[in-house]
Amino acid sequence: MNIISNIEEMQQTALSLKRQGKTVAFVPTMGYLHEGHASLLREGRKRGDILVLSIFVNPIQFGKNEDLDSYPRDRERDCRTAEACGVDIVFTPDSAAMYPPGFQTGVTVRELTLPLCGASRPGHFDGVATVVAKLFSIVQADVALFGRKDYQQLAVIRRMAADLNLPVQVLGMPIIREADGLAMSSRNSYLSPAERQGALCLSRALVRVKERYAAGERSADTLKDVALAAIAQEPLATIDYLELRDGATLEPLQTADNGTILALAVKLGQTRLIDNTLLGEEL
Ligand code: AMP
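Residues numbered from 1 in each chain as written. Predicted model: local features only at pLDDT ≥ 70, side-chain atom pairs only at ≥ 80, totals over all residues. Heavy atoms only, no water.

Draft legend 1. Up close: the overall build of the chain. Along the backbone of the chain there are 10 helices and 9 strands. Its C-alpha atoms give the chain a radius of gyration of 19 Å, within 12% of the compact-globule value 19 Å for 283 residues. A principal-axis box enclosing the C-alpha atoms of the chain has dimensions of 55 × 40 × 40 Å. Here the chain holds 283 residues, and 52% of them are scored as buried. Looking at the chain alone, contacts between residues at least 24 apart form 72% of all its contacts between residues at least 6 apart. For the chain, the exposed area adds up to about 13200 Å²; of that, 48% sits on carbon and sulfur atoms. (Helix = DSSP H or I, 4+ residues; strand = E, 2+ residues; numbered from the N terminus. Rg over C-alpha atoms; globule rule 2.2 N^0.38 Å. Buried < 20%, exposed > 50% of the residue type's maximum accessible area, 1.4 Å probe, protein only. Contact = heavy atoms within 4.5 Å. Areas by Shrake-Rupley, 256 points an atom, 1.4 Å probe, with all protein chains shown as cover.)

Draft legend 2. Structural view of helix H3 (residues 75–84). For H3, the set of buried residues is Asp78, Cys79 and Ala82. Each buried residue of H3 sits inside an arc of 100 degrees when the element is viewed along its axis, so together they form one side. Facing away from the buried side of H3, by more than 90 degrees, are the exposed residues Glu76, Arg80, Glu83 and Ala84. As for H3, its buried residues are in contact with strand E1 (2–4), strand E3 (50–55) and strand E4 (89–91). Following H3 by one or two positions, Gly86 adopts a phi angle in the positive range, close to 85 degrees. (Arc of directions from axis to C-beta.)

Draft legend 3. Expanded view of unusual backbone geometry. Within the chain, Gln140 stands out as a residue other than glycine whose phi angle is a positive 55 degrees. Along the polypeptide, Gln140 turns up in the loop between helix H6 (124–139) and strand E5 (143–147). Residue classification places Gln140 among the partly exposed residues on the basis of a relative accessible area of 23%. Not every positive phi belongs to a glycine, and Leu250 is a case in point at roughly 65 degrees. Along the chain, Leu250 turns up in the loop between strand E7 (237–246) and strand E8 (260–268).

Draft legend 4. Quick peek at the packing of aromatic side chains. Tallied over the full model, the rule gives 5 aromatic pairs. Their ring planes at 70 degrees and their centres at 6.3 Å tell us that Phe136 and Phe146 sit as a pair that is edge-to-face. A residue pair is termed long-range when its members are at least 10 positions apart, and Phe136 in helix H6 and Phe146 in strand E5 qualify at 10 residues. Per residue, the accessibility class of Phe136 equals that of Phe146, and both read buried. What links up through ring pairs into an aromatic cluster is the set Phe26, Phe136 and Phe146. In this structure, Arg77 is placed above the aromatic ring of Tyr32, and the distance from its NZ or CZ to the ring centre is 4.6 Å. (Phe/Tyr/Trp six-rings, centres within 6.5 Å; stacked < 30°, edge-to-face > 60°. Lys NZ or Arg CZ within 6 Å of the ring centre and 35° of its normal.)

Draft legend 5. Region of the structure containing the site of the ligand. In the vicinity of the ligand lie 17 residues, with Met30, Gly147, Asp150, Ile176 and Met184 positioned nearest. Within the contact set of the ligand, an oxygen atom lies 2.9 Å away from a side-chain nitrogen or oxygen of His37. Note that a nitrogen atom of the ligand is positioned 2.9 Å from one of the backbone N or O atoms of Met184. Coverage of the ligand by the protein amounts to 93% of the 480 Å² it exposes when considered alone. Examining the composition of the shell around the ligand, we find that 3 residues originate from one element, helix H2 (residues 35–47), more than from any other. Broken down by class, the residue content of the shell around the ligand amounts to 9 nonpolar, 6 polar and 2 charged. (Near = heavy atom within 4 Å. Polar contact = N/O pair within 3.5 Å; in protein donor to acceptor, adjacent residues only side chain to side chain. Nonpolar A, V, L, I, M, F, W, Y, C, P; charged D, E, K, R; others polar.)

Written out as structure tokens, the structure is:
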């Protein structure tokens, strides 16, 4: 496994592999890898001749009062995980090289970034779309794998790739959860034991809504109330947003059906966690 930090070297390596007829599967991450990331890497291993993992804590997708400085990092452990998943190249650029003085270009995806995380984190998806566009170009990705855990992010990247005619296939992968239902996240490491327990309210809310939906309830307001009640039972939790929307357009709706997304962001103490589920599908 090769570790490359230099952007030019990464791009030249990728271009020369492409000239040899190789395809590149790409998994972009912010590191502190867990089983969710590993699932993307294992699928990526099957999807391309060369598997590239990027680890980059992207400063432009963090708000002023967010956790850029405290974001967990463990490069050695990440490299062991990457190696075990069959990664060929770990790309670890640094911020100064990604955003040199004079940098002034951004990618904005419009309507899809207005609700949900886009509303709570202004500018976040501009930062995500911009860095992913740069990374696609640097690593010459043919296939890129993203988790459905970040449902809106996946929708934004798909839209960007289509709108900008990027020659990359964007694949969405299932959410990987702990045995008790908590969606895996690098940010789970921030949780105190009590908050870790309290964080179960996110997946519990999703399960309760799925049960009501399976029992025939279709009113989005009623289903939303079921989820709100589940979160309200947890004293350590405060809701950032909790919404049912069309899974494709992310537009609000009155009547739920298969393909409706229930997405939520909840804070446990200082830690903001997100989760979601598509109605009519397994959690
Ligand atoms: P991050 O390092 O948090 O930016 O995530 C990198 C990629 O891993 C994104 O495509 C995420 O959606 C994906 N990911 C993070 N957590 C999970 C999870 N629990 N299950 C599946 N994919 C995940």
